[in-house]
Amino acid sequence: MTEPIRWGILATGSIADSFARDLQLLPDAELVAVGSRSESSARAFADRFGIPRAHGNWAGLAADQGVDIVYVATPHHAHYEAARLCLEAGRAVLCEKPFTLNGADARALIDLAAERGTFLMEAMWMYCIPAVRRMLELVAGGAIGEVRTVQADFGLPGPFEPSHRLRDPALGGGALLDLGVYPVSFAQLLLGAPDRVEAWSALTPEGVDANTGLLLGYASGAVATLSCGIVSGTPVRAVVSGDLGRIELPAPFFCAEELHLYRGSEDGAAPEVLPVPRTGLGYAHEAQEAMRCLRAGLTESPLVPWRSTLEVMATLDAARARTGVRYPGE
């Protein structure tokens, strides 16, 4: 019997809740500790999931020797601080996306993990979702020919009050980091780092992006057209098109459970619908990948390598530079 991997969760919000629920579906995972800046919040979360240890501060969780890996589920403005604390204490880390506020912080965390020989992975669950893995297999097998265009969007209808975290620069607010990380990560999963990044944003009075469009250009001639926003609900679909067909991922594309494969160029042709179910809410797959890597003694995941995390952060940095979004301290 494989010894279970012992998990700690840092933070107690909705994503932490979803992750904890999916961990319960994995027989080789054991949720043993939770940490929060609030003792009462940590205890309530622990009681809800039957977790034996509740820490009223992040440092307590990071120092917990009975934890093999910590899932960092804070809002993204705190990812750097939380992940660094855990890495310095010798804990492996699965850190929510966007990985950090900017590329410099991402590089600092990755350099620290490399120096310590400690596992670190961005929790880009989309890269581990079975439908997305199947899409990559189809593309690699030539099902749609050479990829020419990628389209993806993620927009929420709002409205969001000025006090909401999505409009607060101090919390890394705006659509790009919170939502746009999905379309950008999807495009770069297929096409790699772009040779050129163009972006335009409508900004809120607070100075964060409310509606953003991106165009990624490649020397091969491929392009990616992407959008994100907090002002209107969008289809939240993704399409990858090649010279022999296309694959569509229905909403929400980042955790889809089926693929629509169109072969050839016939107008009106019905797609081949390929069911690809996921486990639970979908977070189980990134947890499984992290545990596989820990058991194999890896410091980074081949499904979510450090290189791809840095390349996505570079694109997000470039987009913000073009649209004028800056966060305090940058």
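As a reminder, the structure under discussion sits directly above these lines.
Below is a short write-up of the structure. (Residues numbered from 1 in each chain as written. Predicted model: local features only at pLDDT ≥ 70, side-chain atom pairs only at ≥ 80, totals over all residues. Heavy atoms only, no water.)

**Considerations on the pairing of strand β13 (residues 258-263)**
Inspection of the sheet shows strand β12 (residues 245-249) paired to β13 by 4 bridges, in the antiparallel sense. Residue pairing across strands places Gly 245 opposite Arg 263, the latter belonging to β13. Looking at chain direction, β13 and strand β14 (residues 272-275) are connected through 4 bridges and run antiparallel. Paired with His 260 across the two strands is Val 273, which belongs to β14. (Pairing = 2+ DSSP bridges. Helix = DSSP H or I, 4+ residues; strand = E, 2+ residues; numbered from the N terminus.)

**Things to note about helix α8 (residues 283-295)**
In this model, α8 (13 residues) spans 19 Å end to end at C-alpha, consistent with the 18 Å of a helix rising 1.5 Å per residue. Those residues of α8 not exposed but buried are Tyr 283, Ala 284, His 285, Glu 286, Ala 287, Glu 289, Ala 290, Met 291 and Cys 293. Looking one or two places after α8, you find Gly 297, whose phi comes out positive at around 75°. (Expected span 1.5 Å × (residues − 1). Buried < 20%, exposed > 50% of the residue type's maximum accessible area, 1.4 Å probe, protein only.)

**Considerations on the packing of aromatic side chains**
Tallied over the entire structure, the rule returns 10 aromatic pairs. Ring centres of Trp 7 and Phe 19 lie 5.3 Å apart, and the angle between their planes is 65°; on these two criteria the pair is classed as edge-to-face. Taken together, the positions of Trp 7 in strand β1 (residues 5-10) and Phe 19 in helix α1 (residues 14-23) put the pair 12 residues apart, joining distant regions of the chain. The exposure class of Trp 7 is buried, given its relative accessible area of 0%. (Phe/Tyr/Trp six-rings, centres within 6.5 Å; stacked < 30°, edge-to-face > 60°.)

**Considering the environment of Thr 12**
Residue position: Thr 12 is located in the loop between β1 and α1. Counting along the chain gives 34 residues from Thr 12 to Ala 46, while the straight-line C-alpha distance between them is 9.3 Å. Ignoring sequence-local partners within four residues, the contact set of Thr 12 consists of Val 34, Ser 36, Ser 41, Ala 42 and Phe 45. Polar contacts involving the side chain of Thr 12 include one to the side chain of Ser 41, which spans 2.5 Å. (Contact = heavy atoms within 4.5 Å. Polar contact = N/O pair within 3.5 Å; in protein donor to acceptor, adjacent residues only side chain to side chain.)

**Some words on the nonpolar core**
Note on soluble globular proteins: their nonpolar side chains tend to be buried together. Residues Trp 7, Met 135, Phe 186, Ile 247 and Phe 253 are the most contacted members of the largest nonpolar core, which totals 121 residues. Counting residues per element, this core draws most heavily on helix α7 (residues 175-191), which supplies 10 residues. The contacts of Met 135, once residues within four sequence positions are left out, are Phe 186, Leu 190, Val 240, Ile 247, Leu 249 and Leu 259. (Core = buried A, V, L, I, M, F, W, Y, C linked by side-chain atoms within 4.5 Å.)

**Digging into the sheet that holds β12**
Taking strand neighbours across the sheet as the criterion, the 8 strands line up as β8-β9-β10-β7-β11-β12-β13-β14 in an open arrangement whose pairing is mixed. The open sheet has two edge strands with one neighbour each: β8 (196-203) and β14. Strand-to-strand, the axes of this sheet are offset by a mean angle of 10°, without reference to chain direction. Helix-sheet contacts for α7 involve β7 (147-155), β9 (209-217), β10 (223-229), β11 (238-242) and β12, and the interaxial angle to β10 is about 160°. (Axes fitted to C-alpha atoms, helices over the stretch in contact; angles between N-to-C directions.)

**Some remarks on the packing of α7 against helix α9 (residues 306-323)**
Interhelical geometry of α7 versus α9 gives an angle of 125° and a closest axis separation of 10 Å. When the axes of α7 and α9 are compared, the pair comes out oblique. For the pair α7 and α9, the crossing hand works out as right-handed. From α7, Leu 176, Leu 177, Val 181, Val 184, Ser 185 and Gln 188 reach across to α9, where they touch Glu 311, Val 312, Thr 315, Leu 316, Ala 319 and Arg 320. Taken together, the residues that form the contact of α7 with α9 break down as 7 nonpolar, 3 polar and 2 charged. (Parallel < 35°, antiparallel > 145°, perpendicular 65-115°, else oblique. Left-handed = near helix turned anticlockwise from the far one by under 90°. Nonpolar A, V, L, I, M, F, W, Y, C, P; charged D, E, K, R; others polar.)

**Focus: the packing of helix α4 (residues 79-88) against helix α5 (residues 103-116)**
Their axes nearest at 10 Å, the elements α4 and α5 cross at an angle of 10°. In terms of axis orientation, α4 runs roughly parallel to α5. In this structure, α4 contributes Tyr 80, Ala 83, Arg 84, Leu 87 and Glu 88 to the contact, and α5 contributes Asp 105, Ala 108, Leu 109, Leu 112, Ala 113 and Arg 116. Among the residues forming the contact of α4 with α5, the class breakdown is 7 nonpolar, no polar and 4 charged.

**Notes on the pattern of salt bridges**
Taken as a whole and judged by the stated rule, the model has 23 salt bridges. Measuring nitrogen to oxygen at the nearest pair gives 3.2 Å for the salt bridge that ties Arg 48 to Asp 17. With Arg 48 in helix α2 (residues 39-49) and Asp 17 in helix α1, this pair connects stretches of sequence that are 31 residues apart. Residue classification places Asp 17 among the buried positions, given a relative accessible area of 14%. One salt bridge connects Arg 43 with Asp 47, and the closest N-O pair in it is separated by 3.4 Å. Remark: Asp 47 and Arg 43 occur in helix α2; sequence separation between them is 4 residues, near one turn of the helix. (Salt bridge = Lys/Arg side-chain N within 4 Å of Asp/Glu carboxyl O.)

Any link to function would need more than the numbers given here.
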